[in-house]
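# Examination of the molecular architecture
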Amino acid sequence: MNTSTALPGAGAGPVHGVTSEQACPIAPVLDIVFSRWTTPILWTLHAFGRQRFVVLQRNIGTITPKVLTQRLRQMERDGLVVRTYHPEVPPRVEYEISELGSSLAPLFAHLADWSADNLPRVEQARQEFDTAE
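What you see is a predicted model, and the numbers here were worked out from it, not measured in a lab. Each chain carries its own residue numbering, running from 1 in the written order of its sequence. Only residues with pLDDT of at least 70 get local features here, since the model is predicted, and only at 80 or more are side-chain atom pairs given and counted; chain-wide, interface and lining totals rely on the full set of residues. For the side-chain quantities, the full set of heavy atoms in the structure was used; hydrogens and water were omitted.

## Some points on the pairing of strand E2 (residues 81-86)
Rules: Two strands qualify as a pair provided DSSP detects at least 2 bridges between them. Strands are runs of DSSP state E lasting at least two residues, helices are runs of H or I lasting at least four, and both sets are numbered from the N terminus onward.
Direction of pairing for E2 relative to strand E3 (residues 92-97): antiparallel, over a ladder of six bridges. Bridged to His86 within E3 is Arg92. In this structure, the hairpin formed by E2 and E3 is closed by a connection of five residues.

And the structure:
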């Protein structure tokens, strides 16, 4: 694929002194949304709604409590998740996807469709590549 015609803003040759955001304007979004655990957390909150920490961890599966805490704090800071503290005995904390986080649902749906349509082709390409070596 000729990226100079396929990608918006791509020139005919390499440009020096270009920031990563200029080279790939969606790079900051990819860092926020597609970090290791962000997507499974958002997917789970979108699919199951508001959840307590332990339930969220159980629904995700293999994530450790420490990593889940770190990712939830970052996602709350980024505006993707809402944390609600209930001052009860014992205290109760719930997490839910925010309006901003929910706005990613069409993107995730598109990626899920792409996966269903194309992952078999990716697997076939991998097998062909591996057997050619």
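That was the structure; now back to the text.
## Focus on the pattern of salt bridges
Selection rule: We count a salt bridge whenever a side-chain nitrogen from Lys or Arg sits within 4 Å of a carboxyl oxygen from Asp or Glu. The buried label goes to any residue with under 20% of its type's maximum accessible area, the exposed label to any with over 50%, and the partly exposed label to all in between, with areas taken from a 1.4 Å probe on protein chains only.
Applying the stated criterion to the full structure yields four salt bridges. The residue Glu96 makes a salt bridge to Arg50 at a minimum N-O spacing of 3.1 Å. With Glu96 in strand E3 and Arg50 in the loop between helix H4 (38-48) and strand E1 (51-52), this pair connects stretches of sequence that are 46 residues apart. Glu96 gets classed as partly exposed once you look at its relative accessible area, which sits at 23%. A salt bridge links Glu94 to Arg92, with the nearest nitrogen and oxygen atoms 3.0 Å apart. Under the relative-accessibility criterion, Glu94 is labelled buried at 13%. Via salt bridges that share partners, Arg50, Glu88, Arg92, Glu94 and Glu96 belong to a single interconnected network.

## Some points on the packing of H4 against helix H5 (residues 53-60)
Filter applied, for reference: Axis lines are fitted through C-alpha atoms, for helices just across the contact stretch, and the angle between N-to-C directions can take any value from 0 to 180 degrees. Between 65 and 115 degrees an angle is taken as roughly perpendicular, under 35 as roughly parallel, over 145 as roughly antiparallel, and anywhere else as oblique. Each crossing gets its handedness from the near helix: less than a right angle anticlockwise from the far helix is left-handed, clockwise is right-handed. A contact between two residues is defined here by any heavy atoms of the two lying within 4.5 Å. In this classification, the charged set is Asp, Glu, Lys and Arg, the nonpolar set is Ala, Val, Leu, Ile, Met, Phe, Trp, Tyr, Cys and Pro, and all remaining amino acids, among them Gly, are polar.
For the pair H4 and H5, interaxial distance at closest approach is 10 Å and the crossing angle is 110°. One element, H4, and the other, H5, form an angle in the roughly perpendicular class. Judged by the twist between their axes, the crossing of H4 over H5 is right-handed. For the pair H4 and H5, the contacting residues are Pro40, Ile41, Thr44, Leu45 and Phe48 in the first and Leu56, Asn59 and Ile60 in the second. The residue makeup of the contact of H4 with H5, split by class, is six nonpolar, two polar and no charged.

## Digging into the packing of H5 against helix H6 (residues 65-78)
Contact geometry of H5 with H6 gives a least axis separation of 11 Å together with a crossing angle of 110°. Judged on the interaxial angle alone, H6 and H5 are roughly perpendicular. Every residue of H6 that contacts H5 at Phe53, Leu56, Gln57 and Ile60 is listed here: Pro65, Leu68, Thr69 and Leu72. A class-by-class count of the residues in the contact of H5 with H6 yields six nonpolar, two polar and no charged.

Without other data, these values stay purely geometric and don't point to any function.
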